[in-house]
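Examining the three-dimensional arrangement
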Amino acid sequence: MSPGPLVRVAFPAPAPFGQGPPPGGVALLTIDRPEALNAVSFALLAELVAALRALDADRACHCAVLTGAGSRAFAAGADIRELAGQTPESLRAGDDFERWDELRAIGLPIIAAVRGYALGGGCELAMACDLIVAGEDAQFGQPEIKLGVIPGAGGTQRLTRAIGKARAMELILTGRSISAREAAAAGLVNLVVPAEETLDRALQLAGQIAAMPPIAVRSAKAMINRAAETSLTDGLADERQAFFDLFATADKAEGMAAFAEKRAPTWQGR
Ligand code: HXC
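So, here's what we can say about the structure.

Rules and cut-offs
Residues numbered from 1 in each chain as written. Predicted model: local features only at pLDDT ≥ 70, side-chain atom pairs only at ≥ 80, totals over all residues. Heavy atoms only, no water. Axes fitted to C-alpha atoms, helices over the stretch in contact; angles between N-to-C directions. Helix = DSSP H or I, 4+ residues; strand = E, 2+ residues; numbered from the N terminus. Parallel < 35°, antiparallel > 145°, perpendicular 65-115°, else oblique. Left-handed = near helix turned anticlockwise from the far one by under 90°. Contact = heavy atoms within 4.5 Å. Nonpolar A, V, L, I, M, F, W, Y, C, P; charged D, E, K, R; others polar. Buried < 20%, exposed > 50% of the residue type's maximum accessible area, 1.4 Å probe, protein only. Near = heavy atom within 4 Å. Polar contact = N/O pair within 3.5 Å; in protein donor to acceptor, adjacent residues only side chain to side chain. Areas by Shrake-Rupley, 256 points an atom, 1.4 Å probe, with all protein chains shown as cover. Phe/Tyr/Trp six-rings, centres within 6.5 Å; stacked < 30°, edge-to-face > 60°. Pairing = 2+ DSSP bridges. Right-handed = clockwise from strand over helix to strand, strands pointing away. Core = buried A, V, L, I, M, F, W, Y, C linked by side-chain atoms within 4.5 Å. Disulfide = S-S within 2.5 Å. Arc of directions from axis to C-beta.

**Structural notes on the packing of helix H5 (residues 121-128) against helix H6 (residues 155-163)**
Packing of H5 against H6 leaves a shortest axis separation of 10 Å and a crossing angle of 55°. Between H5 and H6, the interaxial angle falls into the category oblique. For the pair H5 and H6, the crossing hand works out as left-handed. Residues Glu 124, Met 127 and Ala 128 of H5 touch H6, and the partners they reach there are Gly 155, Arg 158 and Leu 159. Here the contact of H5 with H6 is built from residues that sort into 3 nonpolar, 1 polar and 2 charged.

**Examining H5**
In terms of burial, H5 is a largely internal element, 8 of the 8 residues being buried. Listed as buried for H5 are Gly 121, Gly 122, Cys 123, Glu 124, Leu 125, Ala 126, Met 127 and Ala 128.

**Things to note about the site of the ligand**
Around the ligand sit 24 residues, and of these Arg 72, Ala 76, Ala 78, Ile 80 and Gly 121 come closest. Separating an oxygen atom of the ligand from a backbone N or O atom of Gly 121 is a distance of 2.8 Å. Here the ligand, which alone exposes 1000 Å², has 66% of that area covered by the protein. For the shell around the ligand, the secondary structure elements donating two or more residues are helix H2 (80-84), strand S6 (117-119) and H5. Of all the elements, H2 adds the most residues to the shell around the ligand, at 3 residues. A breakdown of the residues in the shell around the ligand according to their chemical character gives 14 nonpolar, 4 polar and 6 charged.

**So, the packing of aromatic side chains**
Two numbers describe a pair of aromatic rings. These are the distance of the centres and the angle of the planes. A complete count under the given rule lists 3 aromatic pairs for this structure. With centroids separated by 6.3 Å and ring planes inclined at 50°, the aromatic side chains of Phe 243 and Phe 244 adopt a geometry described as tilted. Phe 243 sits in the partly exposed class, given a relative accessible area of 48%. Accessibility expressed as a relative area gives 48% for Phe 244, which makes it partly exposed. Cluster of aromatic residues (ring-pair linked, three or more members): Phe 243, Phe 244 and Phe 247.

**Focus: the pairing of strand S3 (residues 63-68)**
Within a regular strand, the side chains alternate between the two sheet faces. Of all 6 residues in S3, 6 are buried, a share of seventy percent or more. The two faces of S3 match: Cys 63, Val 65 and Thr 67 on one face and Ala 64, Leu 66 and Gly 68 on the other face are all buried. In the sheet, strand S2 (residues 26-31) pairs with S3 via 6 bridges, with the strands oriented parallel. Residue pairing across strands places Val 26 opposite Cys 63, the latter belonging to S3. Read as a crossover between parallel neighbours, the route from S2 over helix H1 (residues 42-56) to S3 is right-handed.

**A short note on the packing of H6 against helix H7 (residues 165-174)**
A packed helix pair is summarised by two numbers, namely the angle formed by the two axes and the spacing between the axes. Put simply, H6 and H7 touch, their axes get as near as 7 Å, and they point 135° apart. On the basis of the axis angle, H6 is oblique to H7. Seen along the crossing, H6 lies across H7 with a hand that is right-handed. Contact residues: H6 offers Gly 155, Thr 156, Leu 159, Thr 160 and Ile 163, while H7 offers Lys 165, Arg 167, Ala 168, Leu 171 and Ile 172. Residues of the contact of H6 with H7, tallied by class, amount to 5 nonpolar, 3 polar and 2 charged.

**Here we look at the nonpolar core**
Membership of the largest hydrophobic core comes to 48 residues, with the highest contact counts inside it found for Leu 29, Leu 66, Phe 74, Val 114, Leu 125 and Phe 140. When residues of this core are assigned to their parent elements, the largest contribution, 7 residues, is made by H1. Listed in part, the 16 residues of the second largest apolar core include Val 26, Val 65, Val 133 and Ala 206.

**So, the side chain of Asn 38**
Along the polypeptide, Asn 38 turns up in the loop between S2 and H1. For Asn 38, a relative accessible area of 0% gives the class buried.

**Brief notes about the state of the cysteines**
Counting across every chain of the model gives 0 disulfides. Cys 61 takes part in no disulfide bond, and the closest cysteine sulfur to it belongs to Cys 63, at a distance of 7.6 Å. Since its relative accessible area comes to 2%, Cys 61 is described here as buried. Here Cys 123 is not disulfide-linked; the sulfur of Cys 129 is the nearest cysteine sulfur, at 11 Å. When its relative accessible area of 1% is taken as the criterion, Cys 123 is described as buried.

**Considering helix H12 (residues 250-260)**
Every buried residue of H12 is accounted for by Ala 250, Asp 251, Glu 254 and Ala 258. Around the axis of H12, the buried residues are gathered within 95° of arc, so they sit on the same side. Every exposed residue of H12 that faces more than 90 degrees away from the buried side is listed here: Phe 259 and Ala 260.

Below, the structure is given as structure tokens:
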């Protein structure tokens, strides 16, 4: 029996929102292993990254939303059954963890739409996205300590940057999960919405981003991520170069002309 795709990709009809024509260009990726609470196996991660890389290279795609099938989980972690048989040697010999680096190299903005459990590798996956929309039923946590290990796909680094050392220490050393509201108060998520509205609200937010000029969006994402990597002096220098570079784009000319002419811009993505 073939396992079937572990990640489904779709291009939903544009959701209506606030102002302007609803844009297309939003891809929806669904982790589709609900029977295992969408646990992230190595194969699933490879599929997810391959799908995102294809979308990243697709000029028609301007924003991605990543969610989990069903209402119980975004992803309840890396696949514990698969991890149970690993040794330091097997992990070092494999290239499975390189998929996490490839995920980080995606220039397309990605929004995590989280219902239910986002635990361990699932929380790390949500944090590897650029924004998080959480349903009221979402739970975030890094419970790896209870398995005798630590977060291994960015949890100690991204959670600390997102919510600060004191709170990250508490969550990672105790394995305690937090609710969507606590996660929002701590700065981990962008917004908390009624559970059933989670996907629609994430798609709506994606539509707003997809309506912006795509080269500037990618540049902004890259520079914001740069802030976590570098000194203020170097980050400011990089930002200035990125800003200057955008002045060579047709979208900059269009955006500024449209402002002067009091009309809506039409982006070309170049
Ligand atoms: C594999 C998992 C899984 C996981 C759940 N399942 N989480 N399988 N890996 N991470 C499976 C269960 O075995 C079960 O399969 C089915 O999903 C439903 O789960 P239940 O436990 O029966 O559901 P429930 O009682 O409601 O409990 C939900 C839960 C619990 C609290 C989320 O499943 C749980 O504690 N899961 C593990 C959470 C965790 O420790 N995550 C971190 C993993 S380590 P069957 O076949 O029995 O029905 C990690 C390291 C990342 O993520 C490092 C870098 C990659």
